[in-house]
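Structure at a glance
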Amino acid sequence: MAAEEIDAYLADVPEPGRSTLEELRQRILAVVPDAEQCMSYQMPAFRTPGVGRRKGKVVAGFAAFAKHLSYLPHSGNVLPALADELVGYTQTKSSLHFAFDEPLPAELVATLVRTRLTEIEATGH
């Protein structure tokens, strides 16, 4: 059901944002192919099935807003840890902002997701 909820969420996002977020969705799933697609705080998210500390933890999410798209690491530690790699992006403690027509590079998405997975392994959160 959750994948369909994300499909419905994306259907309401005007182009080019819809395609950009769908590309982000695929890039996240490339790193965590067995992730459960879900909604968290009414925004698309990806939860790890895993075992132990990883089980059921949200590792990434995204959202569309009026003036930008956002990548959501679901942790206040991920973006500060990658500050050098995020130069040029606008951000808050909990979201990385990017343009409707400029997808985040696949390598950056992989780094963001892997950083969050490493945090979950280390802390359980």
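Criteria and thresholds
Residues numbered from 1 in each chain as written. Predicted model: local features only at pLDDT ≥ 70, side-chain atom pairs only at ≥ 80, totals over all residues. Heavy atoms only, no water. Pairing = 2+ DSSP bridges. Helix = DSSP H or I, 4+ residues; strand = E, 2+ residues; numbered from the N terminus. Contact = heavy atoms within 4.5 Å. Axes fitted to C-alpha atoms, helices over the stretch in contact; angles between N-to-C directions. Core = buried A, V, L, I, M, F, W, Y, C linked by side-chain atoms within 4.5 Å. Buried < 20%, exposed > 50% of the residue type's maximum accessible area, 1.4 Å probe, protein only. Parallel < 35°, antiparallel > 145°, perpendicular 65-115°, else oblique. Left-handed = near helix turned anticlockwise from the far one by under 90°. Phe/Tyr/Trp six-rings, centres within 6.5 Å; stacked < 30°, edge-to-face > 60°.

Across the sheet, six strands lie side by side as β1-β2-β3-β4-β6-β5; this open sheet has antiparallel pairing. Whereas interior strands pair on both sides, the edge strands pair on one side only; in this sheet they are β1 (36–40) and β5 (90–91). Inspection of the sheet shows β5 paired to strand β6 (residues 96–98) by two bridges, in the antiparallel sense. Across the sheet, T90 pairs through a bridge with H97, a residue of β6. On the sheet, helix α2 (residues 17–31) packs against β1, β2 (43–47), β3 (58–64), β4 (69–72) and β6 and is oriented at approximately 175 degrees with respect to β3. Strands β3, β4 and β6 of the sheet are contacted by helix α4 (residues 106–123), whose axis makes an angle of about 140 degrees with β3.

With 33 residues, the main nonpolar core has L24, I28, Y71 and V113 as its most contacted residues. Breaking this core down by element, the ones donating at least two residues are α1 (2–11), α2, β3, β4, α3 (78–81), β6 and α4. By residue number, the principal contributor to this core is α4, which donates seven residues. Contact partners of I28, with chain neighbours within four places excluded, come to F46, A60, F62, Y71, V109 and V113.

Here α2 crosses α4 at 55 degrees, and the two axes come no closer than 9 Å. Compared by their axis directions, α2 and α4 come out oblique. The way α2 lies across α4 gives a crossing that is right-handed. Here α2 contributes L24, R27, I28 and V31 to the contact with α4, which in turn contributes A106, V109, A110, V113 and R114.

Taken as a whole and assessed by the stated rule, the structure comprises one aromatic pair. With centroids separated by 6.1 Å and ring planes inclined at 45 degrees, the aromatic side chains of F46 and F62 adopt a geometry described as tilted. On the criterion of sequence distance, the pair formed by F46 in strand β2 and F62 in strand β3 is long-range, its members being 16 residues apart.

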